[in-house]
Amino acid sequence: MNTDIYRQRREKLRRSLHDKGIEALLVSHAANRYYLSGFELHDPQCNESSGWVVVTASGKDCLFTDPRYTDAAKRVWDEDDLFIYAADKFTLVPEVVKSRGVDTLAFEPRAMPVYDHNRLAETITLRPADNLVEDLRVIKDADEIRRMDASIELNHQLFEYIEHQLLPGKTEEDVSWEIEKFFRENKAEGMAFPSIVGVGPNAALPHAIPGTTPLRDNELVLIDTGCRFMDYNSDQTRTFWVGDNPSARFLETMELVREAQQAAIDVIRPGLPFSDAYRAAYSVFEREGVEKLFTHGLGHGVGLETHEPPSLSRVASGELKPGMVVTVEPGLYDPAWGGIRWEYQVLVTEDGCKVM
């Protein structure tokens, strides 16, 4: 495996460590670990880690893992800097990093369990350091954009396929299963997240869980889904009408949602405050007096994780930069009727943006 890209990313992080006066960062967040090493994109479960990467300002980086992952780790990491732990994890890690000249170890406060923190703190000084790796990940390089284009292309193919499978009598669960089968049969590594499928009033739940509600003729169905392909996630939403005669309300609401989406896309460019993208879509709904039916942010970053920085919301701070990938997904939701959402992934370019 070519590990040069991971080494280059660690060098970028190292420069950040120098700038902030940090001796070393313990990386425990799975996606961050993978981004820097190529080792294990996911942990086995939320309370179990596949391993930790420590990136030092001096360049003496190391990877810690348990015996289950020894061979996998050797494929991406120099054996001289690979350390296998068992019951001695919380003594081995401080011992190794101290031997490399580290007195204070920074950690990711959003990703380290309190238990792990307290055990490590018994033998080494810790300091929180938030978003150091995320600040690198938020700008996608050319290879990441290539992978994300491939992932989103598979999503486009899925929606072309699934539209013709939306027949009365099938349940939300049936549709969800057909989506997953399509992705896996077309070489996706897995789902980006469990598919959202909502029929009629269930579509008013932005994160509806597919159930036994059947598709019915002359009713809407909202589908939000994505796959993981070449390690990167896609995320798209479409709302369909089952039958040949969509209602006037469906057509009018769809037109308004698409107008709001386009209003945001039209202003997305480098330097635009995140909240201004949200405001562009919100203003369209506000003009028509339906803004209270828009109940979530406009979008979020996508990459190794389905939801990652930046956030496009009314309270978000920061500005768009070239290489950021964000979703643009306005929606309107009425619990008595249903909901319509339409979602694109958008790449911020040097002079504007491009729908992926």
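Residues numbered from 1 in each chain as written. Predicted model: local features only at pLDDT ≥ 70, side-chain atom pairs only at ≥ 80, totals over all residues. Heavy atoms only, no water.

K.L.:
So what about the overall build of the chain? Which residues, and what values?
P.N.:
Looking only at helices and strands, the chain features ten helices and 19 strands. In terms of overall size, the chain behaves like a compact globule, its C-alpha atoms giving a radius of gyration of 23 Å where 356 residues would be expected to give roughly 21 Å. Along the first, second and third principal axes, the C-alpha set of the chain runs to 70 × 40 × 35 Å. For the chain, with 356 residues in total, the buried portion stands at 55%. Intrachain contacts of the chain at a sequence separation of at least 6 include 65% that bridge at least 24 residues. Carbon and sulfur atoms provide 49% of the accessible area of the chain, an area that totals close to 16,000 Å². (Helix = DSSP H or I, 4+ residues; strand = E, 2+ residues; numbered from the N terminus. Rg over C-alpha atoms; globule rule 2.2 N^0.38 Å. Buried < 20%, exposed > 50% of the residue type's maximum accessible area, 1.4 Å probe, protein only. Contact = heavy atoms within 4.5 Å. Areas by Shrake-Rupley, 256 points an atom, 1.4 Å probe, with all protein chains shown as cover.)

K.L.:
Could you give an account of the side chain of serine 151, naming the residues involved and the relevant values?
P.N.:
Within the secondary structure, serine 151 sits in helix α7 (residues 142-162). Look at serine 151 and you get buried, because its relative accessible area is 0%. Of the polar contacts made by the side chain of serine 151, one reaches the backbone nitrogen of serine 234; its length is 3.4 Å. When residues no more than four places from it in sequence are discounted, the contact partners of serine 151 are Cys227, Phe229, Tyr232, Asn233 and Ser234. (Polar contact = N/O pair within 3.5 Å; in protein donor to acceptor, adjacent residues only side chain to side chain.)

K.L.:
Explain the packing of aromatic side chains to me, and be specific about the residues and the numbers.
P.N.:
Per the stated rule, a full pass over the model turns up twelve aromatic pairs. The interplanar angle of 70° and the centroid separation of 6.1 Å between the aromatic rings of tyrosine 6 and tyrosine 34 together place this pair among those described as edge-to-face. Residue tyrosine 6 is found in helix α1 (residues 4-20), and its partner tyrosine 34 is found in helix α2 (residues 30-37); the two are separated by 28 residues along the sequence. Each of the two residues, tyrosine 6 as well as tyrosine 34, counts as buried. Counting every residue linked through ring pairs, the aromatic cluster contains Tyr278, Tyr282, Phe285 and Phe294. The ring of phenylalanine 159 has arginine 238 sitting right over it, with the charged end atom 5.4 Å from the ring centre. Taking the ring centre of tyrosine 282 as reference, the NZ or CZ of arginine 314 above it sits at 5.1 Å. (Phe/Tyr/Trp six-rings, centres within 6.5 Å; stacked < 30°, edge-to-face > 60°. Lys NZ or Arg CZ within 6 Å of the ring centre and 35° of its normal.)

K.L.:
Talk me through the sheet that holds strand β7 (residues 190-191); I want residue IDs and the actual numbers.
P.N.:
Taken together, three strands build an open sheet; the order of strands is β7-β10-β11 and the sheet is antiparallel. Looking at the sheet topology across the chains shown, the edges are occupied by β7 and β11 (232-233). Examined bridge by bridge, strand β10 (residues 227-229) and β11 share two bridges and lie antiparallel to one another. Its bridge partner lying in β11, arginine 228 is registered against asparagine 233. (Pairing = 2+ DSSP bridges.)

K.L.:
I'd like a rundown of the pairing of strand β12 (residues 236-242), residues and numbers included.
P.N.:
With seven of seven residues buried, β12 is to be regarded as a mostly interior element. Residue alternation in β12 divides its side chains into two sets, Gln236, Arg238, Phe240 and Val242 and Thr237, Thr239 and Trp241, and both sets are buried. Of the pairings in the sheet, the one linking strand β9 (residues 219-225) to β12 comprises seven bridges and is antiparallel in character. Note on β12: the bridge partner recorded for leucine 222 is threonine 239.

K.L.:
Could you give an account of the pairing of strand β1 (residues 24-27), naming the residues involved and the relevant values?
P.N.:
Burial of β1 is two-sided: the residues Ala24 and Leu26 facing one way and the residues Leu25 and Val27 facing the other way are all buried. With four bridges connecting them, β1 and strand β2 (residues 51-56) associate as antiparallel partners. Opposite leucine 25, over in β2, you have valine 55 as the bridge partner. Sheet topology note: the β1/strand β5 (residues 104-107) ladder contains two bridges and is parallel. The partner of leucine 26 across the bridge, within β5, is phenylalanine 107.

K.L.:
Break down unusual backbone geometry for me, with residues and values.
P.N.:
Geometrically, the link from proline 309 to proline 310 is a cis peptide bond, its omega value of 0° lying close to zero. By the secondary structure assignment, proline 310 is in strand β14 (residues 308-312). A positive phi is found at glutamate 40, a non-glycine position, where the angle reads about 50°. Considering the arrangement of structural elements, one finds glutamate 40 in the loop between α2 and β2. Of note, asparagine 218 is a non-glycine position whose phi angle comes to about 60°, a positive value.

K.L.:
Describe the sheet that holds β2, with residues and values.
P.N.:
Overall, mixed pairing links the six strands, which are arranged β4-β3-β2-β1-β5-β6 in an open sheet. Each having just a single partner strand, β4 (82-84) and β6 (125-128) make up the two edges of the open sheet. Each adjacent strand pair in this sheet contributes to an overall mean axis angle of 25°, direction not counted. Packing of helix α4 (residues 89-99) onto the sheet brings it into contact with β1, β2, β3 (62-65) and β4, and relative to β3 it is tilted by some 170°. (Axes fitted to C-alpha atoms, helices over the stretch in contact; angles between N-to-C directions.)

K.L.:
Got a sec to walk through α2? Specific residues and values, please.
P.N.:
Most of α2 sits out of view: eight of its eight residues are buried. Buried residues along α2 sit against α1, β1, β2, α6 (134-137) and α7. Glycine 38, located one to two residues past α2, shows a positive phi value of around 80°.

K.L.:
Before we move on, can you summarise the packing of α7 against helix α8 (residues 172-185) with the specific residues and values?
P.N.:
Packing of α7 against α8 leaves a shortest axis separation of 10 Å and a crossing angle of 135°. Classified by the angle between their axes, α7 and α8 sit oblique to one another. For the pair α7 and α8, the sense of crossing is right-handed. Contacts between α7 and α8 involve Leu154, Asn155, Gln157, Leu158, Tyr161 and Ile162 from the former and Val175, Glu178, Ile179, Phe182 and Phe183 from the latter. Grouping the constituent residues of the contact of α7 with α8 by class yields eight nonpolar, two polar and one charged. (Parallel < 35°, antiparallel > 145°, perpendicular 65-115°, else oblique. Left-handed = near helix turned anticlockwise from the far one by under 90°. Nonpolar A, V, L, I, M, F, W, Y, C, P; charged D, E, K, R; others polar.)

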